[in-house]
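Examining the three-dimensional arrangement
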Amino acid sequence: MTRLIFLGAPGAGKGTQAQRLSAESQVPHISTGDILRTAVAKQTDLGKKAAHYMNAGELVPDDLILDLIRERLGQADATNGWILDGFPRNVSQANFLDGLLEEIQQPCDFVLNLDVPDEVLVTRLLSRGRQDDTEAVIRNRLAVYREQTEPLIDFYRGRQQLVSVNGNQPMDAVTAELKRVIAA
Ligand code: AMP
């Protein structure tokens, strides 16, 4: 059983590492960013409401995200574990997730924080070339991360669930370290 939450700034490698651990552990990789990008591409109601926040590097309002997570964690493939990537993104989402996990009796095993220096993040994001990876938007996403998401490190550290891993090393080395952590 693997139930993990990934924390880390944009560009820290959460998506790549979450995907690798998901393949290894055979549990779904749940990325709110991917879900939102699909909704934008399909021009669903959610996508239409979310696009403008995403393009500005702002967080999408909680009321668009919380039901989506409740529904996704309730799906059949998530009963035996999951890896969350990009959720929670602020303290109110983390409080919501606490309540939800208690309600569905699925406690998380680890909160994994990928630690990467700012200058490396900016270089990585600029080379990624995603639609929301222009320099001004990147700067805003990093500011939003510092302000709203980074406080979650202390939120989870207080309960000794948090493990920080150096994300500024080759991808395989990061994966190996993460595997050691979750096998422990
Ligand atoms: P990501 O792929 O995780 O970097 O997410 C891309 C964008 O989707 C973010 O910049 C936000 O606009 C939005 N987003 C993803 N996850 C969340 C979330 N949990 N809460 C609010 N907005 C989110």
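The structure contained in this document is the topic of the report that follows. The shown structure was predicted, so the numbers you read here are calculated from the model rather than taken from an experiment. (Residues numbered from 1 in each chain as written. Predicted model: local features only at pLDDT ≥ 70, side-chain atom pairs only at ≥ 80, totals over all residues. Heavy atoms only, no water.)

**Quick notes on the pairing of strand E1 (residues 2-8)**
Burial analysis of E1 places 7 of its 7 residues in the buried class, which makes it a mostly covered element. Residue alternation in E1 divides its side chains into two sets, Thr2, Leu4, Phe6 and Gly8 and Arg3, Ile5 and Leu7, and both sets are buried. In the sheet, E1 pairs with strand E3 (residues 81-85) via 5 bridges, with the strands oriented parallel. Bridging across to E3, isoleucine 5 finds its partner in leucine 84. (Buried < 20%, exposed > 50% of the residue type's maximum accessible area, 1.4 Å probe, protein only. Helix = DSSP H or I, 4+ residues; strand = E, 2+ residues; numbered from the N terminus. Pairing = 2+ DSSP bridges.)

**With respect to the site of the ligand**
Surveying the vicinity of the ligand reveals 15 residues, the closest of which are Thr32, Arg37, Glu58, Gly86 and Gln93. Taking arginine 37, its side chain carries an N or O atom lying 2.9 Å from an oxygen atom of the ligand. Note that a nitrogen atom of the ligand is positioned 2.9 Å from one of the side-chain N or O atoms of glutamine 93. In the complex, the protein chains occlude 95% of the 470 Å² of accessible area that the ligand would expose alone. Sort the elements by how many residues they give to the shell around the ligand and helix H2 (residues 32-42) lands first, with 4 residues. Of the residues contributing to the shell around the ligand, the split by class is 6 nonpolar, 4 polar and 5 charged. (Near = heavy atom within 4 Å. Polar contact = N/O pair within 3.5 Å; in protein donor to acceptor, adjacent residues only side chain to side chain. Areas by Shrake-Rupley, 256 points an atom, 1.4 Å probe, with all protein chains shown as cover. Nonpolar A, V, L, I, M, F, W, Y, C, P; charged D, E, K, R; others polar.)

**Some remarks on the nonpolar core**
In this structure, Ile69, Leu73, Trp82, Leu84 and Tyr156 are the most contacted members of the largest nonpolar core, which totals 48 residues. Sequence-distant contacts of tyrosine 156, that is, excluding residues within four places in its chain, are made with Ile5, Leu7, Pro88, Ala94, Leu97, Val111, Gln161 and Leu162. (Core = buried A, V, L, I, M, F, W, Y, C linked by side-chain atoms within 4.5 Å. Contact = heavy atoms within 4.5 Å.)

**Some remarks on the pattern of salt bridges**
Inspection of the entire model under this criterion finds 13 salt bridges. Here aspartate 34 makes a salt bridge to arginine 37, at a shortest N to O gap of 2.9 Å. With aspartate 34 and arginine 37 both in helix H2 and 3 residues apart, the pair spans about one turn of that helix. According to the relative accessible area criterion, aspartate 34 is partly exposed, its value standing at 39%. Put simply, Asp118, Arg146 and Glu150 are held in one network by salt bridges that share partners. (Salt bridge = Lys/Arg side-chain N within 4 Å of Asp/Glu carboxyl O.)

**Observations concerning the side chain of threonine 149**
Mapped onto the secondary structure, threonine 149 falls in helix H7 (residues 135-149). Classification of threonine 149 as buried rests on a relative accessible area of 7%. Within the structure, the side chain of threonine 149 is placed 2.7 Å from the backbone oxygen of arginine 89, a separation counted as a polar contact. Apart from the residues within four sequence positions on either side, threonine 149 is in contact with Pro88, Arg89 and Val144.

**Here's the deal with helix H4 (residues 62-73)**
If you check H4, its first and last C-alpha atoms are 16 Å apart, about what 12 residues at 1.5 Å a residue would give, namely 16 Å. In this fold, the buried residues of H4 make contact with strand E2 (29-31), H2, helix H3 (45-56), E3 and helix H5 (91-103). (Expected span 1.5 Å × (residues − 1).)

**Quick notes on the sheet that holds strand E5 (residues 162-166)**
Spatially, E2-E3-E1-E4-E5 is the arrangement adopted by the 5 strands of the open sheet, whose pairing is parallel. Bordering the open sheet on either side are E2 and E5, each of which pairs with just one other strand. Each neighbouring strand pair of the sheet contributes to a mean axis angle of 25°, computed without reference to strand direction. Sheet topology places strand E4 (residues 110-115) next to E5; 5 bridges connect them, and they run parallel. Within E5, the residue paired with leucine 112 across the bridge is valine 163. The strands touched by H2 within the sheet are E2 and E3, with E2 carrying the most contacts at an inclination of about 65°. (Axes fitted to C-alpha atoms, helices over the stretch in contact; angles between N-to-C directions.)

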